[in-house]
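Examination of the molecular architecture
So you can see what is in the structure, the chains are spelled out below.
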Number of protein chains: 2
Amino acid sequence: MAKRKETSTNTENRNYITTCNLTYAVCLVGGRWKLLILCKLEIGKLRFGELRNQISNITERMLTLQLRELERDGMVKRTVYAEVPPRVEYELTDISKKLVPIWCQLSNWGAQHKETMLEKSANEIESLAESN
Amino acid sequence: MAKRKETSTNTENRNYITTCNLTYAVCLVGGRWKLLILCKLEIGKLRFGELRNQISNITERMLTLQLRELERDGMVKRTVYAEVPPRVEYELTDISKKLVPIWCQLSNWGAQHKETMLEKSANEIESLAESN
DNA sequence: GCCATTACTTACTTTTTTGTTAGTACCCTA
DNA sequence: TAGGGTACTAACAAAAAAGTAAGTAATGGC
C-alpha cells in the first residue's frame, strides 16, 4: 500500500505469482475495500463523500488509498471538478465494467459456499454430540 | 495467517466486508499462494512435495499454511495415508470445483487487463515524448 | 546404529497492510 | 473574521501476512 522494498523476497514473489493471469486478476481487487467500492460504483458515478457514507466502516485514509490504487490500475476513473468545495467523481472504467458478470457469478458462489460451511459446522456439532 | 486479535478494528472490518458475498468469495482465495495451489490441483490430486516442486518459489511453511486454510475453508480435501515416509494427497472439493469456469473467465479478463495496461503505458510514454 | 525420505513444526524476523489522529487548502456565507 | 463543507494528506502505531532457518517423527534399508 505504501512504498515497497523493491528487492525483498516478498516483492519477488509478488511478481512471480502475478505471471499467472488468474492470480493477477484477483490481486487487482485484493485490497480490503476494493470490491466494496467497485460494487457501489457498479450502479453509477459517486463522489468521494458518497462512497465514504455508503461504506460505513471505511476511514477516509483507506478510501483514498484504495481509490488511488484502483485508479492506477485502470479500474476506476477519477474526475475532478474545479469547484469549491471540491467535487470529485469516481466511476468504473471499460475494463472493470467487463468484470460485472463475473462478480455476479462469484457472488452467487460465495453464497453457496457460506451455506456449505454452515451445513459442515452443523454436522460437526452433531457428530460431536453423538460421540458423547 | 497466524492467530488474530479478535477485538481489533482490523478484525471487525474483516467481518464487515465479508457480509458482501463477493468480497467473501475473493477473501477465500486471497492468500498469496492459494490460487496457484488450486490451479495445480485443478488437474488432479497432488502430494505435498509435488505441489512444492510445481510452485518453485513457495516455502514449505507457506505451502503448509495456505493448504491448512484452504482445508479449513472447505476448498481442498486432505488425505493422509498411514505410511512411512508419510504420504498426503490434496484435491479440490465439490465446492471449489464449481469455481473452475469462473477462474477461466477471470484469467481471460486478467490477460485483457494486462494488455490494456501495456497500451496505456505506451501511450503515456508517447505523449511524454511529444511534450519534449 | 545410522541415514534417507516425507510432510510437516517452531521460533523468530521482516515486510506489508490497515487503522488512528490530527491536520491542510480552498472559497463561500453569515 | 469565523466557521463550514469537501476531499484529501502526513506522521505514526498496530496488526497481519509472508519469509528464514532450523528442527521433528516415524520407519525401512544398509
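Refer to the structure above for everything that follows.
Calculation rules
- Residues numbered from 1 in each chain as written.
- Chains lettered and ligands numbered in written order.
- Predicted model: local features only at pLDDT ≥ 70, side-chain atom pairs only at ≥ 80, totals over all residues.
- Heavy atoms only, no water.
- Buried < 20%, exposed > 50% of the residue type's maximum accessible area, 1.4 Å probe, protein only.
- Helix = DSSP H or I, 4+ residues; strand = E, 2+ residues; numbered from the N terminus.
- Contact = heavy atoms within 4.5 Å.
- Salt bridge = Lys/Arg side-chain N within 4 Å of Asp/Glu carboxyl O.
- Pairing = 2+ DSSP bridges.
- Axes fitted to C-alpha atoms, helices over the stretch in contact; angles between N-to-C directions.

Structural notes on helix α2 (residues 21–28) of chain A
Summarising burial for α2 of chain A: six of the eight residues are buried, a large majority. Of the residues making up α2 of chain A, those classed as buried are L22, T23, Y24, A25, V26 and L28 of chain A. Contacts from the buried residues of α2 of chain A go to α1 (9–17), α3 (34–43) and α5 (60–72) of chain A together with α2 (21–28), α3 (34–43) and α7 (100–130) of chain B.

Thoughts on the pattern of salt bridges
All names here are of chain A. By the definition in use, this model includes 14 salt bridges over all chains. E60 is paired through a salt bridge with R52; the nearest N and O atoms lie 2.5 Å apart. Residue class for E60 comes out partly exposed when judged on its relative accessible area of 43%. The class for R52 is partly exposed, based on a relative accessible area of 29%. In this structure, the salt-bridge partner of R87 is E83, at a minimum N-O distance of 3.0 Å. Connected through shared salt-bridge partners, K45, E83, R87 and E89 make up one network.

A short note on the sheet that holds strand β2 (residues 76–81) of chain B
Note on sheets: strands pair through backbone hydrogen bonds, and any given pair is parallel or antiparallel. Residues and elements named next belong to chain B. Across the sheet, which stays open at both edges, the three strands sit in the order β1-β3-β2 with antiparallel pairing between neighbours. Every other strand in the sheet has two partners, leaving β1 (46–47) and β2 as the edge strands with one partner each. In the packing of helix α5 (residues 60–72) onto the sheet, contacts are made with β2 and β3 (87–92), and the angle to β2 comes to roughly 110°.

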